[in-house]
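# Results of the structural survey
Chain by chain, the residues run as shown.
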Amino acid sequence: MIAISVPDVMLPRDSGGYRWVVAIAAFFTQFIICGITYSIGVFHIVFSKIFNEDHFNTSWIGSILLYTTALTSVVMRFFMVQFGCRWSVILGGLVSALGLSMGMVVTEMYQVYLTFGVLTGIGFGLACTPSIMAVEQHFYKQRMQALSVVLSGVGAGIVVFPILIRTLLEHLAWRGTLWILSGIALNLCVCGALMSPVAHGKQVHLMPLLSCVPLRNITFHGMCIANLFWSFGSTVIYMYLPSYAMDQDSSFETSVFLVSCVGMASFTSRVIFSFMGHNSTLDDMTAILCSIGLGVVITGICPLLFDDYAGQIGYSILFGFYSGYWTTFLSQASRELLGPECIAKGNGYLSFMIALGSIMAGPAAGLLIQEETEFKYAFYLAGSALLWSSVIMMLFKYQSCGLESFVSEPEKNDLKIPLVDRSQNDCLMKGEPILV
C-alpha cells in the first residue's frame, strides 16, 4: 500500500499526548487490514473445499481482494480529501464489515468474489492509507517513531490472524468465522473515530494521481516493473504456501502456522533494517546478499525444503526476512535514485503495478499448478519473479558506479542515504510514499 501527503504549511512541534492515541488507532487499523488480507492462503484452502473448485477459480478470491485494496487506496483518495481521514477510515470499516458479513449468505463462488473480494477490498483500501496519513498530520519531530509503531501492525497482524482464523474455523465453521471477522473489521470504525482532525485547520493536499513527469525517467519505468514482479511473486507465496505444505502431508493447523512464521520473520527484518542507527546505510554487500542472495535461495531450494515440516518453517522464515528487507531496500533505493518528489508524483502508477501483479499472480499460478499437478513449479515462478525484481532494482542502483569511481571515498560515502535519518521527516513532508 502507498500513502503520500504534502502539507500546505509546516506543522508545529508535537504537542499533547493524544497524538499517540491516533498512532495506536492506526496501528490496529494496519493490524486488522493486513492480518485478514495476508491470510488469503488460509481462505484459499477453505473456499476451494467448500465450493469444490480448482486452484484457478479459487485464486480469484484472494487476487481480487489484494487488487481492490491496492487500487482503492489511491483511487478513493478524493474521499479522504473531501471528508478527512476519520470518516474515510470509518466508512472503510463499515464497507469491509459488510463484505465479510455477507459471507453468511453466499452460495456460489462468484458471490464470494463480489463480497469477500470486491466489497471487503474497497473497505480496506478506504481505511488503510488514511490511517497512515492521520499519523503524519499529528506528528512532525517524532514522525518516524510514530510511523514505525504503526507499520509494526502489519507484521503483528500477519502473525496473529492466521492462527485466529484457524481457531475460529475449528469452532464456528467458515460462515461463523466470516461473521466474527466482520465484527473485528467494525473495530476500524472505532479506530477511525479516534483519529481526530489536526488542530488549527491544517490542510493536506495530494499529488496528482497520474503525472507525466515520472514517465520521462527510465529509472521510474524500472521501478514500476520491479514493483510488478515483487507483487506477483509475494502474492503467489502468500496464497499457496499453506496449500503447498498440505500437499506435502502437513496438517491444516501446521500449514497455517507457516504464514505466522512469515509474519514473525518479516517483522524482525523490518526492525533490524529500520533501526540500525542514524549513521547506518544499505551498504553494497548487504544489498547484494539480502536482495539477490536470498532471492536465489528462495527460488532454487523451495522443493528441497518442503520435504519436511522443519524445512517448510525454514522457507517461511527466509521469505519473511526477505520480504521485510525488500520493503526497506525499495524505499531506500527509490529515494536514492529518483527522489521523493518524483516518487510522489508517480504514486498512481506504482499502485497500479502492485494491483496488476496481485490480480495476475493467483490465477497464473493456479493454471500452472493444474497443468503440472505440482506446487513446486508455481513456487519456482514466484521465486523467479522476486529475483527479477531484486535484479532490476540492483541494476538501477549501481548504474552510476562508473561516475562514482571518479570521486573520493568520503564523497562515495556521502552518496549513501541513511536508513533512519532526521532528513526523512523532510522527505515525508515533500510527499515520499510509504511502502507496506
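Worth saying up front: this structure is predicted, and the values here are computed from it rather than measured.

## Some details on the overall build of the chain
Broken down by element type, the chain carries 17 helices and four strands. Taking all 436 residues of the chain together, 58% fall into the buried category. Looking at the chain alone, contacts between residues at least 24 apart form 88% of all its contacts between residues at least 6 apart. When the accessible surface of the chain is totalled, it reaches about 17100 Å², and 66% of it is carbon and sulfur.

## Digging into unusual backbone geometry
Its identity is not glycine, yet D249 carries a phi of approximately 75°, on the positive side. Accessibility expressed as a relative area gives 74% for D249, which makes it exposed. One non-glycine residue, T373, lies in positive phi territory at about 55°. Along the chain, the position of T373 falls in the loop between α13 (347-372) and α14 (376-397).

## Some thoughts on the packing of aromatic side chains
Per the stated rule, a full pass over the model turns up 22 aromatic pairs. Geometrically, the ring pair formed by Y238 and F319 is edge-to-face, given 5.5 Å between the ring centres and 75° between the ring planes. With Y238 in helix α7 (residues 218-247) and F319 in helix α11 (residues 309-337), this residue pair connects regions lying 81 residues apart in the sequence. Site record: aromatic cluster; members linked through ring pairs are Y240, Y244, F306, Y315, F375 and F379.

## Points about α7
With 30 residues, α7 should cover 44 Å at 1.5 Å per step; its first-to-last C-alpha distance of 43 Å lies within 8% of that length. If you look at α7, its biggest bend is around 50°, right at Y240, and the proline P242 turns up within four residues after that. Counting buried residues along α7, 24 of its 30 residues qualify, which places the element largely inside the surrounding structure.

## Considerations on the packing of helix α5 (residues 109-138) against helix α6 (residues 143-194)
It is the contact of α5 with α6, at a shortest axis distance of 11 Å, that shows an interaxial angle of 155°. The pairing of α5 with α6 is recorded here as roughly antiparallel in orientation. Here α5 runs over α6; the crossing is right-handed. Contacts between α5 and α6 involve F116, F124, A127, I132, V135 and E136 from the first element and R143, A146, L147, V150, L151, L178 and L188 from the second. Across the contact of α5 with α6, the residue classes break down as 11 nonpolar, no polar and two charged.

## A few points about the environment of D249
Note on placement: D249 falls in the loop between α7 and α8 (252-274). Between the alpha carbons of D249 and F306 there is a distance of 9.9 Å; along the sequence they are 57 residues apart.

## Describing the side chain of S88
One can find S88 in helix α4 (residues 77-101). On the basis of relative accessibility, which here comes to 1%, the residue S88 falls in the buried class. Those residues in contact with S88 that lie beyond four places of it in its chain are F79, M80, L126, A127 and P130.

## Structural notes on α4
Compared with an ideal rise of 1.5 Å per residue, which puts 25 residues at 36 Å, α4 spans 25 Å between its outermost C-alpha atoms and falls more than 12% short. For α4, the principal kink sits at G84 and spans about 125°.

## What to know about the packing of helix α2 (residues 40-50) against α7
Where α2 contacts α7, the axes come no closer than 7 Å and their chain directions differ by 55°. Of the possible angle classes, the one that applies to α2 and α7 is oblique. Seen from above, α2 lies across α7 with right-handed handedness. On the side of α2, the interface is formed by I40, G41, V42, H44, I45 and K49, while α7 contributes T235, Y238, M239, Y240, P242, S243 and M246. Each residue belonging to the contact of α2 with α7 can be placed in one class, and the counts come to eight nonpolar, four polar and one charged.

## Some words on the confidence of the model for the chain
In this model, the chain carries an average pLDDT of 79, and 73% of its residues clear a pLDDT of 70 or more. The weakest mean pLDDT in the chain belongs to strand β1 (residues 2-3) at 39; the strongest belongs to α2 at 94. Segment residues 1-15: pLDDT under 50, and 69 contacts once partners within four positions in sequence are set aside and those in other chains are kept.

## Quick notes on the side chain of T115
With respect to the helices and strands, the residue T115 is situated in helix α5. Once residues within four sequence positions are removed from consideration, T115 is found in contact with G99, M102, V106 and T120.

## Description of the state of the cysteines
In protein chemistry, a disulfide is the covalent bond that joins the sulfur atoms of two cysteines. Following the criterion strictly, the structure yields zero disulfides and no others. Summary of cysteine pairing: C34 is not part of a disulfide, and the nearest cysteine sulfur, belonging to C128, is at 5.5 Å. Judged by its relative accessible area of 1%, C34 falls in the buried class.

## Thoughts on the pattern of salt bridges
What the rule picks out here adds up to two salt bridges. Between R166 and E170 there is a salt bridge, and its shortest N-O distance comes to 3.8 Å. A residue pair is termed a helical-turn pair when its members lie 3 or 4 positions apart in one helix, as R166 and E170 do in helix α6 at four residues. E170 sits in the partly exposed class, given a relative accessible area of 44%. As a salt-bridge pair, E374 and K376 come within 3.9 Å of each other at their nearest N and O atoms. On the basis of relative accessible area, E374 is assigned to the partly exposed category, the value being 34%.

Reading the values: rules and limits
For every chain, the first residue of its written sequence is number 1, and the numbers climb from 1 along that sequence. Restriction of local features to residues with pLDDT of at least 70 applies here, the model being predicted, together with a cutoff of 80 or more for giving and counting side-chain atom pairs; totals for whole chains, interfaces and linings are based on all residues. The basis for every side-chain value is the complete set of heavy atoms in the structure, and neither hydrogens nor water enter the calculation. Numbering of helices and strands starts at the N terminus; helices are DSSP runs of H or I of at least 4 residues and strands are runs of E of at least 2. Exposure categories follow from relative accessible area, calculated using a 1.4 Å probe and restricted to protein chains: below 20% of the type maximum is buried, above 50% is exposed, and the middle band is partly exposed. Whether two residues are in contact is decided by their heavy atoms: any pair within 4.5 Å suffices. Surface accessibility in these figures is a Shrake-Rupley result with a 1.4 Å probe; residues are shielded only by whichever protein chains are displayed. Side-chain rings of Phe, Tyr and Trp, where Trp is taken by its six-membered ring, are said to pair if the distance between their centres is within 6.5 Å; with planes under 30 degrees apart they count as stacked, over 60 as edge-to-face, and otherwise as tilted. Expected helix span is given by 1.5 Å per residue-to-residue step, counting one fewer step than there are residues. A residue's bend is given by the angle between axes fitted to the 7 residues ending at it and the 7 residues starting at it. A fitted line through C-alpha atoms represents every axis, and for helices the fit uses only the stretch in contact; the resulting angles, taken between N-to-C directions, go from 0 to 180 degrees. Orientation labels follow simple angle bins: below 35 degrees gives roughly parallel, above 145 gives roughly antiparallel, 65 to 115 gives roughly perpendicular, and whatever is left gives oblique. Definitions for this section: a left-handed crossing has its near helix turned counterclockwise from the far helix by less than a right angle. A right-handed crossing has that turn clockwise. Here the term charged refers only to Asp, Glu, Lys and Arg, the term nonpolar to Ala, Val, Leu, Ile, Met, Phe, Trp, Tyr, Cys and Pro, and the term polar to all other amino acids, Gly among them. Known as pLDDT, the predictor's confidence for each residue is given on a scale from 0 to 100. When the sulfur atoms of two cysteines come within 2.5 Å, that pair is taken as a disulfide. A side-chain nitrogen of Lys or Arg and a carboxyl oxygen of Asp or Glu constitute a salt bridge if their distance falls within 4 Å.

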